[in-house]
Amino acid sequence: YEDGLHEFHVEVHCVGQIGFVDAKFKNEREKIAQHWLNRDNIGRCWVLHSNGYFCTGNKCTPVSRRARFAPLDRLRLVLDLYKEKATFYLDTGVQREMGSIEGIDRAVRLGFQMYHKKDSIVVLSVKDRSSEVAAREKGGAHMRRAQRQAAAAAAAKDVEEAEARWSAAEAQFKLAEERWREAGAEEEAREAGAGWEAVQAARRAADAP
């Protein structure tokens, strides 16, 4: 998921971590030793641990009883990429909000990391709720993401990382321009278009001999 507002209903048959991880993560289930909760994964995973704390890499919140889950619990996860946020709800027994985690600024996918070979989750339903968000709000969200990606690209020391960031910024500026034009916000649309042109110029300068 690169964009939008999405809702997932799942049933857990295990304990461990559930949430959203960098879409580039591969084969997590087979790599149990490569625990998600380490400093290399700060800003690459945004998960709820069954013990009741939210984590991005090894940056974790204090344990909360409200956020704990157990096997056979049903959870509802709302991924709002316009707000860069995931919110978790318990749908078993007395339904409640368990909490949320922010800072999701890249393409992600639903993921879980558990401790036993037969552990699993069952995805009961997935719903795209993006149409509920106004075009102007979408434009603002894309603009913020574009500006952050452009700043990260300019600061990146690794050529491959810089190129990935420039590409992401370019795409987000275009999306911002489209959404703002859809909303009739011409001044904001022109600003987004100027951002896209600035990214093009920066990439040309980087490629110059």
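Look up a bit, the structure's there.
Since this is a predicted model, take the numbers as computed values, not measurements.

### With respect to the sheet that holds strand 1 (residues 5-12)
A sheet is described by the order of its strands in space; here five strands give the open sequence 8-7-6-1-10, paired in antiparallel fashion. This sheet does not close on itself; its edge strands, each paired only once, are strand 8 (96-102) and strand 10 (121-128). If you compare each strand with its neighbour and ignore which way they point, the axes differ by 20 degrees on average. Across seven bridges, strand 1 lies against strand 6 (residues 74-80) in antiparallel orientation. Within strand 6, the residue paired with Leu5 across the bridge is Asp80.

### Observations regarding the side chain of Arg165
With respect to the helices and strands, the residue Arg165 is situated in helix 2 (residues 159-182). By relative accessible area, which is 17% here, Arg165 ends up buried. Each residue touching Arg165, except ones within four places of it in the same chain, is listed here: Asp105, Arg106, Gln149, Ala152 and Ala153.

### Focus on the packing of helix 2 against helix 3 (residues 186-207)
Running from N to C, helix 2 and helix 3 cross one another at 160 degrees; their axes reach a closest spacing of 8 Å. Classified by the angle their axes make, helix 2 and helix 3 are roughly antiparallel. Between helix 2 and helix 3 lies a crossing of left-handed hand. The segment helix 2 lies against helix 3, with Glu163, Trp166, Ser167, Ala169, Glu170, Phe173, Lys174, Ala176, Glu177, Trp180 and Arg181 engaging Glu186, Glu188, Ala189, Ala192, Gly193, Gly195, Trp196, Val199, Gln200, Ala202 and Arg203. Class assignment for the residues of the contact of helix 2 with helix 3 results in ten nonpolar, four polar and eight charged.

Conventions we followed
- Residues numbered from 1 in each chain as written.
- Predicted model: local features only at pLDDT ≥ 70, side-chain atom pairs only at ≥ 80, totals over all residues.
- Heavy atoms only, no water.
- Pairing = 2+ DSSP bridges.
- Helix = DSSP H or I, 4+ residues; strand = E, 2+ residues; numbered from the N terminus.
- Axes fitted to C-alpha atoms, helices over the stretch in contact; angles between N-to-C directions.
- Buried < 20%, exposed > 50% of the residue type's maximum accessible area, 1.4 Å probe, protein only.
- Contact = heavy atoms within 4.5 Å.
- Parallel < 35°, antiparallel > 145°, perpendicular 65-115°, else oblique.
- Left-handed = near helix turned anticlockwise from the far one by under 90°.
- Nonpolar A, V, L, I, M, F, W, Y, C, P; charged D, E, K, R; others polar.

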